[in-house]
Amino acid sequence: MVAAAPVVCSFPSSKELSDALADFVVKAQKEAIEKKGRFTIALSGGSLPKQLSALAHKTGVKWNKWHVFYADERAVPLDDPDSNHLLCTNEFYSKVPIPKEHIHTIDTSLLDDMEELSDAYEKELIQEFANRNTARFPMFDLILLGTGPDGHTASLFPGHELLTEEDRWVAPIEDSPKPPPKRITLTLPVLNHAVRVAFVAAGEGKADIIKTILDKPEEGLPASRVRPVAPGQLYWFLDDGAASKLEYPKTPFKL
Ligand SMILES: O=C1O[C@H](COP(=O)(O)O)[C@@H](O)[C@H](O)[C@H]1O
């Protein structure tokens, strides 16, 4: 299947990165709402939620049309410090009026059974996406991802068997090399069927891995395998530190 080349933008500061990202998200939600009357977005944990805070100051955001899922979530209670939901609540939801019932959390009554936890979250997605499009996989309007220093993204880790998953929308992982070990994650086919996927990474500490992901995709790191099928498009929002070792061409940011 054909995938367009990634569009890579780099910004001099974290503030400029966050601001551009916010404009990008607003545009994505506007296009989605004009087409379908709703905006489906998947969020990551890690450093991503903090980068979304600039959205709180943007005009034209139709928060009541947002339907938010997680690219991955840790199998912990929602108030556990390891929870991606808690992180998003503290850094993002607490600043914007997304209706609570539009934020799709894991069912924490199922934490003891990872298969059930994962299947229940997949059903949550099916309710949102079934009959809304005819594709084999859900088509998120936007998926926002981060990447760790090992090139993992969501909870897809280098060399892990989950990288070959072809059917499931959501899968459990019980041996994550990064704690906590038990998580659920959207699978690569779901990431690769989104209308837009944007990676966000900042800081010189990410420079080496960003170079490997983008300049040496043949190494097959999980983040390099995210290549949405056309007409889907992949974007990278970096600061100059994270982009400092990159040979891959950068594109000036424009909406
Ligand atoms: O464990 C995780 O790590 C990745 C990357 O985190 P970052 O702090 O390096 O941005 C994150 O995207 C993912 O959601 C999270 O569960």
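Residues numbered from 1 in each chain as written. Predicted model: local features only at pLDDT ≥ 70, side-chain atom pairs only at ≥ 80, totals over all residues.

The cut-off we apply is this: UniProt positions are given in the numbering used here, feature names are shortened, and annotations may be inferred rather than shown by experiment.
As recorded in an unreviewed UniProt entry, the protein goes by 6-phosphogluconolactonase and comes from Jaapia argillacea MUCL 33604. Its UniProt record gives the protein a comment under Sequence similarities (unreviewed entry), which states: "Belongs to the glucosamine/galactosamine-6-phosphate isomerase family. 6-phosphogluconolactonase subfamily." Regarding the protein, the UniProt comment filed under Pathway (unreviewed entry) reads as follows: "Carbohydrate degradation; pentose phosphate pathway; D-ribulose 5-phosphate from D-glucose 6-phosphate (oxidative stage): step 2/3."

Focus: the site of the ligand
The condition that has to hold: Here, nearness means that the C-beta atom of a residue, built from backbone geometry, sits within 6 Å of the molecule or strand in question. Polar here means any residue other than Ala, Val, Leu, Ile, Met, Phe, Trp, Tyr, Cys and Pro, which are nonpolar, and Asp, Glu, Lys and Arg, which are charged; Gly is therefore polar.
Near the ligand lie 15 residues; those nearest to it are S44, G45, G46, S47 and G146. A class-by-class count of the residues in the shell around the ligand yields four nonpolar, nine polar and two charged.

Description of the environment of A242
Counted only if it meets this: Under the scheme used here, helices are H or I runs from DSSP no shorter than 4 residues and strands are E runs no shorter than 2 residues, and both carry numbers assigned from the N terminus. Any pair of residues counts as being in contact when their C-beta atoms, constructed from backbone geometry, are within 7 Å of one another.
Counting through the fold element by element, A242 comes out in the segment after β9 (233-239). On a C-alpha basis, the gap between A242 and V200 in space is 9.8 Å, while along the polypeptide they are 42 residues apart. For A242, the contacting residues outside a window of four places in its chain are A201, A202, G203, K206, A207 and I210.

Here we look at the environment of E116
Checked against the element boundaries, E116 lands in helix α4 (residues 114-129). Counting along the chain gives 51 residues from E116 to D167, while the straight-line C-alpha distance between them is 16 Å.

Thoughts on the pairing of strand β5 (residues 142-145)
A regular strand places its side chains on the two faces of the sheet in alternate fashion. As a reminder, the rule being used: Around each residue's C-beta, the other C-beta atoms within 10 Å are counted; 20 or more make the residue buried, 12 or fewer make it exposed, and counts in between make it partly exposed. All C-beta atoms are placed from the backbone. Pairing between two strands requires that DSSP report at least two bridges joining them.
On β5, burial covers both faces: L142 and L144 on one face and I143 and L145 on the other are all buried. With two bridges joining them, strand β2 (residues 39-43) and β5 adopt parallel strand pairing. Note that in β5 the partner of I41 across the bridge is L142. The pairing of β5 with strand β8 (residues 196-201) spans three bridges and is parallel.

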